[in-house]
Amino acid sequence: MNVEPSSCSSSCPRFGGGDARLEFPVGQIHRVAAVEPEVDETKRNLLKLAAVAGVLGVGIGGVAGGALQYVQPPAVGISAYPKTQLLDVDGSPLTATKVDSEYNIGTSDLFLFNYPLRNEPNFLLNLYPPPSGSSYTVKNGVGPNKSIVAFSAICQHLGCPAPAISYYPPGTCSQTFKNGSLPFYIHCSCHGSTYDVTDGAANLTGPAVLPLPQVTIEWDDPSQGGNDYLYAVGETGPPVNGHISTLQGDYGVGSNSQLEKEAPVITCSFPT
Ligand code: FES
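**Q** In this structure, what is going on with the sheet that holds strand β3 (residues 84-87)? I would like to understand it.
**A** Strand order across the open sheet formed by 8 strands is β15-β3-β14-β13-β6-β5-β4-β16, with mixed pairing between neighbours. Looking at strand neighbours, the two that pair on one side only are β15 (256-258) and β16 (260-262), the edges of this open sheet. Geometrically, the sheet is characterised by an average inter-axis angle of 35 degrees between neighbouring strands, direction not taken into account. Pairing of β3 with β15 involves 3 bridges; the strand directions are parallel. Bridge assignment links Leu86 to a residue of β15, and that residue is Ser257.

This is the structure we're talking about:
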């Protein structure tokens, strides 16, 4: 026989039949202890407050996170450095012979190409032939004279891009740096940072402290059966300024990248 208070709603616990088991409607929490233990009211209120704050926090965080995924632009980038052939300003394949004959140390124009992303410009430099009285080796230089190099054209200080940061060919401005007088260098007109192009664009004067990222150039050597073409295949040094990773922040350039010619910005007044 069921014993059920007449005033009790259907959600009340009720005694079962012959085996005298307690039965509870589905979903109802039942108290096991016969006597409720004493609870510190202050502690109870604090716990309630924490629980409410937690729920609200999760809720607001979830809503905000959900909204942000639509507000933020989608992350773009590439997963690895591509092998990218360098093309001349007219779109034809660029050869080391052409760079030696026309884009050499006497060239005052800037030759820039994007790599590995579309918004990452780089200088293509050829430090050949050495100006009279100069003797140097070019770190990581390639080509018949091991003189062709490429560096990021975005300053490592606050990110001024070319032509605000420019290559200064020999004779442009006479400067003496910590390691002596250099015939050529890269200089940023924004705040005066200078980089040594023979030494992997190591920093010569601040406020920048890091070198410029160096693009790894591969030359298809004709003496080894190659076609004299030049390729960008990687990058060393710090990430391009403004990017968490050199591979993240825009779409990749793909299998080729064309040179663009720009006039440099030259300022011969350096910070003292
Ligand atoms: S951005 Fe180049 S020195 Fe400041």
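Moving on from the coordinates now.
**Q** Explanation requested: the environment of Gly254 in the structure shown.
**A** Here Gly254 lies in the loop between β14 (230-236) and β15. Along the chain, Gly254 and Gln85 lie 169 residues apart, while their C-alpha atoms are 9.1 Å from each other.

**Q** Would you mind showing me how to read the confidence of the model for the protein here?
**A** Regions with low pLDDT should not have their predicted coordinates read in detail. Taken residue by residue, the protein gives an average pLDDT of 79. The fraction at 70 or more is 71%. Here residues 1-39 scores under 50 on pLDDT; set against residues more than four positions off or in separate chains, the count is 19 contacts. Throughout residues 52-70 the model reports pLDDT below 50, and contacts reaching past four residues in sequence, or to other chains, amount to 0 contacts.

**Q** Explanation requested: unusual backbone geometry in the structure shown.
**A** Backbone phi values are negative for most residues with the exception of glycine, while trans is the configuration of most peptide bonds. With an omega of -10 degrees, the peptide bond running from Tyr115 to Pro116 counts as cis. Non-glycine residue Asn140 carries a positive phi angle of around 65 degrees. Turning to its location among the elements, Asn140 is positioned in the loop between β5 (121-126) and β6 (148-152). Judged by local crowding, Asn140 falls into the partly exposed class, with 15 C-beta atoms found within 10 Å. Positioned with a positive phi, Ala201 is a non-glycine residue whose angle comes to about 60 degrees. Of note, Ala201 is situated in the loop between β11 (194-196) and β12 (202-205).

What counts as what
- Throughout this document, residue positions are counted from 1 along each chain, in the order its sequence is written.
- The predicted nature of this model means local features are confined to residues of pLDDT at least 70 and side-chain atom pairs, given and counted, to a pLDDT of 80 or more, with totals for whole chains, interfaces and linings taken over all residues.
- Strands are labelled as partners when DSSP assigns at least two bridges between them.
- Counting from the N terminus, the helices are DSSP H or I runs at least four residues long and the strands are E runs at least two residues long.
- The angle between two axes is taken between their N-to-C directions and runs from 0 to 180 degrees, where each axis is a line fitted to C-alpha atoms and a helix contributes only its stretch in contact.
- By definition, pLDDT measures how confident the predictor is in each residue, and it falls between 0 and 100.
- Here, residue contact means that the backbone-derived C-beta atoms of the two residues sit within 7 Å.
- As a rule, residues whose C-beta atom has 12 or fewer other C-beta atoms within 10 Å are exposed, those with 20 or more are buried, and those in between are partly exposed; C-beta atoms are placed from the backbone.

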